[in-house]
Amino acid sequence: MADLSVTVDGLKLPNPFVIGSGPPGTNANVIGKAFDENWGAVICKTVSLEADKVINVAPRYARMRAAGTKEVIGWQNIELISDRSFSIWEDEFKQIKDKYPDRVLIASIMEEYNKDAWTEIVERCQACGVDAFELNFSCPHGMPERKMGAAMGQDVELLEEVCKWVSAAAKVPVWAKMTPNITHIVDPARAALRGGCEGIAAINTILCVMGIDLETLRPEPTVEGYTVPGGYSCKAVRPIALRMVMELATMMYGSDGTPGEFPDRSLSAIGGVESGEHAAQFILMGASTVQVCTGVMIHGYKLAGQMCDELSAFMDKHGFESIEDFRGHSLQYFTTHADLVRRQAEAKAAQKAAREGMVTKDTAWEGDKFVEQSAKLVANED
Ligand SMILES: Cc1cc2nc3c(=O)[nH]c(=O)nc-3n(C[C@H](O)[C@H](O)[C@H](O)COP(=O)(O)O)c2cc1C
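Conventions and cut-offs
- Residues numbered from 1 in each chain as written.
- Predicted model: local features only at pLDDT ≥ 70, side-chain atom pairs only at ≥ 80, totals over all residues.
- Helix = DSSP H or I, 4+ residues; strand = E, 2+ residues; numbered from the N terminus.
- Buried ≥ 20, exposed ≤ 12 C-beta atoms within 10 Å, placed from the backbone.
- Contact = placed C-beta atoms within 7 Å.
- Near = placed C-beta within 6 Å.
- Nonpolar A, V, L, I, M, F, W, Y, C, P; charged D, E, K, R; others polar.
- Expected span 1.5 Å × (residues − 1).
- Arc of directions from axis to C-beta.
- Axes fitted to C-alpha atoms, helices over the stretch in contact; angles between N-to-C directions.
- Parallel < 35°, antiparallel > 145°, perpendicular 65-115°, else oblique.
- Left-handed = near helix turned anticlockwise from the far one by under 90°.
- Pairing = 2+ DSSP bridges.
- Domains from an automatic or database assignment.
- Right-handed = clockwise from strand over helix to strand, strands pointing away.
- Core = buried A, V, L, I, M, F, W, Y, C linked by C-beta atoms within 7 Å.

**A closer look at the environment of leucine 377**
For step 1, the next point in the chain: By the secondary structure assignment, leucine 377 is in the segment after α12 (370-376).
For step 2, the next point in the chain: For leucine 377, a count of 11 C-beta atoms within 10 Å translates into the label exposed.
For step 3, the next point in the chain: In sequence terms leucine 377 and alanine 353 are 24 residues apart; their C-alpha atoms lie 10.0 Å from each other.
For step 4, the next point in the chain: Ignoring sequence-local partners within four residues, the contact set of leucine 377 consists of Met358 and Val359.

**Focus on the site of the ligand**
For step 1, the next point in the chain: With respect to spatial proximity, 28 residues lie near the ligand, and among them Ser21, Gly22, Ser233, Cys293 and Thr294 are the closest.
For step 2, the next point in the chain: Those elements that provide at least two residues to the shell around the ligand are β6 (72-77) and α9 (294-299).
For step 3, the next point in the chain: Taken together, the residues that form the shell around the ligand break down as ten nonpolar, 15 polar and three charged.

**Side note on helix α3 (residues 115-127)**
For step 1, the next point in the chain: Over its 13 residues, α3 extends 18 Å from the first C-alpha to the last, a length consistent with the 18 Å expected when each residue adds 1.5 Å.
For step 2, the next point in the chain: Along α3, the residues classified as buried are Trp118, Ile121, Val122 and Cys125. Looking down the long axis of α3, one finds its buried residues gathered within 100° of arc, a one-sided arrangement. Exposed positions of α3 whose direction lies more than 90 degrees from the buried face are Asp116, Glu123 and Ala127.
For step 3, the next point in the chain: Directly after α3, the chain includes glycine 129, whose backbone phi takes a positive value near 95°.

**A few points about the packing of helix α8 (residues 276-284) against helix α10 (residues 303-318)**
For step 1, the next point in the chain: Running from N to C, α8 and α10 cross one another at 60°; their axes reach a closest spacing of 7 Å. Judged by the inter-axis angle, α8 sits oblique to α10. Of the two elements, α8 crosses α10, and the hand of that crossing is right-handed. Touching Gly276, Glu277, Ala279 and Ala280 of α8 are Met307, Cys308, Asp309, Glu310, Leu311 and Phe314, all from α10.

**Some details on the sheet that holds strand β14 (residues 230-233)**
For step 1, the next point in the chain: Spatial ordering of the open sheet is given by β5-β6-β14-β11, a layout of four strands whose pairing is antiparallel. At either margin of the open sheet sits one strand with a lone partner, and together these are β5 (61-65) and β11 (206-208). Going from strand to strand, the sheet's axes swing by 35° on average, the running direction of each strand aside.
For step 2, the next point in the chain: Here three bridges tie β6 to β14, and the two strands are oriented antiparallel to one another. Counted as the bridge partner of asparagine 77 is glycine 231 from β14.

**Details of the domain arrangement of the chain**
For step 1, the next point in the chain: Here the chain is described as being made up of domain 1 (6-333) and domain 2 (341-376).
For step 2, the next point in the chain: Here the C-alpha centroids of domain 1 and domain 2 sit 52 Å apart.

**Observations concerning the sheet that holds strand β3 (residues 17-19)**
For step 1, the next point in the chain: Pairing is parallel in the closed barrel, where eight strands are placed in the order β3-β4-β7-β8-β9-β10-β17-β18. Averaged over all adjacent pairs, the angle separating strand axes in this sheet is 25°, with direction ignored.
For step 2, the next point in the chain: With three bridges connecting them, strand β17 (residues 266-270) and strand β18 (residues 289-292) associate as parallel partners. Of the residues in β18, the one forming a bridge with serine 268 is threonine 289.

**Brief notes about the pairing of strand β10 (residues 199-202)**
For step 1, the next point in the chain: Burial along β10 is two-sided: the residues Gly199 and Ala201 and Ile200 and Ala202 are all buried.
For step 2, the next point in the chain: Sheet topology note: the strand β9 (residues 174-177)/β10 ladder contains three bridges and is parallel. Across the sheet, tryptophan 175 pairs through a bridge with glycine 199, a residue of β10.
For step 3, the next point in the chain: At this point the chain moves from β9, through helix α6 (residues 186-194), to the parallel β10, and the crossover so formed is right-handed.
For step 4, the next point in the chain: In this sheet, β17 lies alongside β10 in parallel orientation, the contact comprising four bridges.

**A short note on unusual backbone geometry**
For step 1, the next point in the chain: Following alanine 58, the chain continues into proline 59 via a peptide bond in cis, with omega recorded as -5°.
For step 2, the next point in the chain: At the junction of glutamate 220 and proline 221, the peptide bond is cis and its omega measures out at -10° in the coordinates.
For step 3, the next point in the chain: Among the secondary structure elements, proline 221 is positioned in the loop between β13 (219-220) and β14.
For step 4, the next point in the chain: Within the chain, asparagine 38 stands out as a residue other than glycine whose phi angle is a positive 70°.

**Remarks on the packing of α6 against helix α7 (residues 238-253)**
For step 1, the next point in the chain: Where α6 meets α7, the closest approach of the two axes is 10 Å, and the angle between their N-to-C directions is 45°. Between α6 and α7, the crossing angle belongs to the class labelled oblique. The crossing of α6 and α7 is right-handed. On α7, the residues touching Val186, Ala189 and Arg190 of α6 are Glu247, Leu248 and Met251.
For step 2, the next point in the chain: Split into classes, the residues belonging to the contact of α6 with α7 amount to four nonpolar, no polar and two charged.

**What about the nonpolar core?**
For step 1, the next point in the chain: Counting 106 residues, the largest nonpolar core has Val42, Phe133, Ile200, Ala202, Val245 and Leu248 as the members making the most contacts within it.
For step 2, the next point in the chain: Examining the composition of this core, we find that ten residues originate from one element, α7, more than from any other.
For step 3, the next point in the chain: Beyond its immediate chain neighbours, meaning those up to four positions away, valine 42 contacts Ile19, Gly25, Ile31, Ala34, Phe35, Leu105 and Ile106.

**Section: the pairing of strand β7 (residues 104-109)**
For step 1, the next point in the chain: The element β7 is extensively covered by neighbouring structure, given that six of its six residues are classed as buried.
For step 2, the next point in the chain: Going residue by residue along β7, you find Val104, Ile106 and Ser108 tucked away on one face and Leu105, Ala107 and Ile109 tucked away on the opposite face as well.
For step 3, the next point in the chain: Relative to strand β8 (residues 132-136), β7 runs parallel, the two sharing four bridges. Looking at the pairing, isoleucine 109 lines up with leucine 135 of β8.

Written out as C-alpha cells, the structure is:
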C-alpha cells in the first residue's frame, strides 16, 4: 500500500490533499469537518484585519455545465475575502488548534500595502498557533480596487517587498499564492521566493465573464441588474493550471540538466482537482501538495477519502511507494517545438529503415539473413 504522507517545509501531512482557501475553510465548524474527513491540511478563507470593509453580495456564483448534462465544469465567483471579524478568527484558530493539535492549519492572509498591517496580521495569527501562512496575492475581483490581492500579485516589486516584511515577522513557513491573470507567472513567483517565502501556491481563479442572459441582456451573476468580472475555477481551468504549475516547477526545480533556481522550495498546485488522478498529474508536474476548493463545494468533504483511494491505486499500479517517488517525473517530457520536429524526423527515418529491412542496430544482425542484410546496406552501385 502506497504511503500518501507528505512532509513539506517541515509540515507533516497525512496526505497531499489540502482544502484551498474559500468557502470550504470559512469557519471553525467547516474546518473541523475537513479534518474529521482526513484532509491533509486546511487553508482558511482569506482573513484580513479590517473585515468591516468586506461586503459580499448575492448571488455571487455562476456555473457552467457540460452541454446536455448536469455536470458542472466551470464556476465563477465574485466573492470577496472573509467578512468575519479578525478577533472571531483569532478565537477560532485557537479552538481548532486545541481540538486538532497535530493537524496542519494554514492561515490565508491579505492586507493593503502597509508594513505594519502585514506584520500585525502575521504576529496575531501565529500567536493563535497557525502552522503556516498563505499570502493571497491573487484574488482577481473586489480587493484589487484597494490594491490588494491580484493587484499586488501583478506588481513584482511590491510583492517582493511584502514577502520580505512577512518573512521577517513569520516564524512558520510562508507560501505565496499566485494569480494566473498575468503573462509570465514565474516573474512574481521568483520575486516571492527571493523575498523569502518557503513556497509557491498556484493558481487562484482566472478573471472571467461567465455569460450573458439572452432574455434580459444582463451578464451573470446579476446583482440588481449589474455585475463585475469574476474568478473562474473548477475542471475547466485545470489545463491552464497544469501549464502554469509546469512553468513554475521548471523555473524552481530545473529540467533536462538545467538546474532550478529554487530547488529547496515547495509548490502547492490548485485548479480544477476533483479526483486522485487529477492530483497525480499535478504531482507529476512537481507539486508536493494539491489544493481543492470548488470540488469540495460540488462534492462535499468526503472527496478526500475518495481521492486518497484513487491516488493510492495510481501509485500501486506504477509501483510508486511515496509521493516523492514520482513528484516532478513528467517535467522531463516537455521540450521545444524544434526538438519535437527533430525527434519525429528521426523516428520516421528509423521506421523507413526497418520497413526496408535495413540493419540500423548491431543487435538486428541475424545469421540466416546475414548476406541479404549486408547487401541492403550497400550504397547505390553503378
Ligand atoms: C467561491 C470561491 C471563493 C474563493 N475565495 C478565495 C479566498 O478567499 N482566498 C483565496 O486565496 N482563494 C479563494 N478562492 C480561490 C481558490 O482557493 C482556488 O485558488 C481556485 O478556485 C481554483 O481552484 P479550484 O478549481 O479547486 O476551486 C475562492 C474560490 C471560490 C470558488
